[in-house]
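Read off the chains here:
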Amino acid sequence: MNKRIILSVAAIGIAALALAGCSSAASGPSGGSAPAATGATLATGKTSLGTIVVDGKGDTVYVFTSDTANSGKSTCYDACASSWPAVTTTSSAPDVKGVTGTVGEITRTDGTKQVTLDGMPLYTYAGDSAAGDVAGQGMGNTWYVVTPAGKQVTKAPTSGSSSGSSGSGGGWS
């Protein structure tokens, strides 16, 4: 029950931050000026899969085995990117907490910068409903969560535990 309270408080805080961010975004892409953005954050969180990488919102980060490490390219666009949004940044030095693999970036076809870990482009999964969920793990035998060292985790999550407890800066409890 305490976890639910903590998650509720965290969700309210995230919603408040999102609303505050909306007021600073003067205009969308057609307005000529993009909202100010900060660099991506990568941190660690504990789940039924062990300690994994999460983004600044605590969302689980995945790699796509159809991508090739160090190729400088993502293979996930259009419908794929709707389900598997890229972890993007506007900074050449993303904020990294507890991640020991080599963090970098590639340029996507739309010009945005996608964060990489050990040369693999990083994504989140739209089907994860809460920070720390790992519902995308093993999907299609091509999507896997990643360890702080940049290695993909291939084991299946334990039944009934799609979200985990607080990691170092993961943003969820």
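Further up the page is the structure itself.
Residues numbered from 1 in each chain as written. Predicted model: local features only at pLDDT ≥ 70, side-chain atom pairs only at ≥ 80, totals over all residues. Heavy atoms only, no water.

Student: I keep staring at the overall build of the protein chain and nothing clicks. Help me out?
Tutor: The number of helices and strands found in the protein chain is 2 helices and 9 strands. Going from N to C terminus, the protein chain has its helices and strands arranged as α-β-β-β-α-β-β-β-β-β-β. A total of about 9000 Å² of accessible surface is found on the protein chain, and carbon and sulfur atoms cover 56% of it. (Helix = DSSP H or I, 4+ residues; strand = E, 2+ residues; numbered from the N terminus. Areas by Shrake-Rupley, 256 points an atom, 1.4 Å probe, with all protein chains shown as cover.)

Student: Sorry, what's going on with the state of the cysteines here?
Tutor: Defined simply, a disulfide is a covalent bond joining two cysteines at their sulfur atoms. For the structure shown, the criterion picks out 1 disulfide. Paired by a disulfide, cysteine 76 and cysteine 80 hold their sulfur atoms 2.0 Å apart. Disulfide cysteine 76-cysteine 80: torsion about the S-S bond near -105°, hence left-handed. (Disulfide = S-S within 2.5 Å.)

Student: For this particular structure, what's the right way to read the nonpolar core?
Tutor: A general trend in soluble globular proteins is that nonpolar side chains are found buried together. Within the largest apolar cluster, 15 residues are counted, with the highest numbers of intra-cluster contacts made by Tyr62, Trp84, Tyr123, Trp143 and Val145. Every element with two or more residues in this core is listed here: strand S2 (50-55), strand S3 (62-64) and strand S9 (143-145). Leu42, Val61, Val115 and Tyr144 belong to the second largest nonpolar core, which has 13 residues in total. (Core = buried A, V, L, I, M, F, W, Y, C linked by side-chain atoms within 4.5 Å. Buried < 20%, exposed > 50% of the residue type's maximum accessible area, 1.4 Å probe, protein only.)

Student: Please clarify how the pattern of salt bridges should be interpreted in this entry.
Tutor: Proximity of charged atoms lets side chains of opposite charge pair with each other. Using the criterion set out here, one finds 2 salt bridges in the structure. Of the charged contacts in the structure, one is a salt bridge between aspartate 95 and lysine 97, with a shortest N-O distance of 3.6 Å. (Salt bridge = Lys/Arg side-chain N within 4 Å of Asp/Glu carboxyl O.)

Student: I keep staring at unusual backbone geometry and nothing clicks. Help me out?
Tutor: Both trends apply: most residues other than glycine have a negative phi, and most peptide bonds are in trans. The backbone of aspartate 78 shows a phi angle near 55°, a positive value even though the residue is not glycine. In this fold, aspartate 78 is placed in the loop between S3 and helix H2 (79-83). Residue classification places aspartate 78 among the exposed residues on the basis of a relative accessible area of 67%. Even without glycine at this site, asparagine 141 takes up a positive phi of about 55°. Residue placement: asparagine 141 occurs in the loop between strand S8 (120-121) and S9.

Student: Would you explain the environment of aspartate 67 in this entry?
Tutor: Inspection of the secondary structure puts aspartate 67 in the loop between S3 and H2. For the pair aspartate 67 and threonine 142, spaced 75 residues apart in sequence, the C-alpha to C-alpha distance is 9.5 Å. There is a polar contact of 2.6 Å between the side chain of aspartate 67 and the side chain of threonine 75. (Polar contact = N/O pair within 3.5 Å; in protein donor to acceptor, adjacent residues only side chain to side chain.)

Student: Can you walk me through the pairing of S2 in this structure?
Tutor: Note on strand geometry: in a regular strand, side chains alternate between the two faces of the sheet. Pairing of strand S1 (residues 41-47) with S2 involves 6 bridges; the strand directions are antiparallel. Looking at S2, one finds that alanine 43 is bridged to valine 54. As consecutive antiparallel partners, S1 and S2 are separated by 2 residues. (Pairing = 2+ DSSP bridges.)

Student: Would you take a moment to explain the pairing of S1 for this structure?
Tutor: With 5 of 7 residues buried, S1 lies mostly within the body of the structure. As judged from the 2 bridges shared by S1 and strand S5 (residues 95-96), these two strands associate in the parallel manner. Counterpart to leucine 42 in the pairing with S5 is valine 96.

Student: Is there a simple way to explain the sheet that holds S5 in this structure?
Tutor: Consider a sheet: its strands pair through backbone hydrogen bonds, and that pairing is either parallel or antiparallel. Across the sheet, which stays open at both edges, the 3 strands sit in the order S2-S1-S5 with mixed pairing between neighbours. In this open sheet, the two edge strands, each paired with only one partner strand, are S2 and S5.

Student: Explain the environment of alanine 135 here, please?
Tutor: With respect to the element layout, alanine 135 can be found in the loop between S8 and S9. A C-alpha to C-alpha distance of 9.2 Å links alanine 135 and threonine 60, two positions 75 residues apart in sequence. Not counting the four nearest positions on each side in its chain, alanine 135 is found in contact with Tyr62, Tyr125, Gly127 and Asp128. (Contact = heavy atoms within 4.5 Å.)

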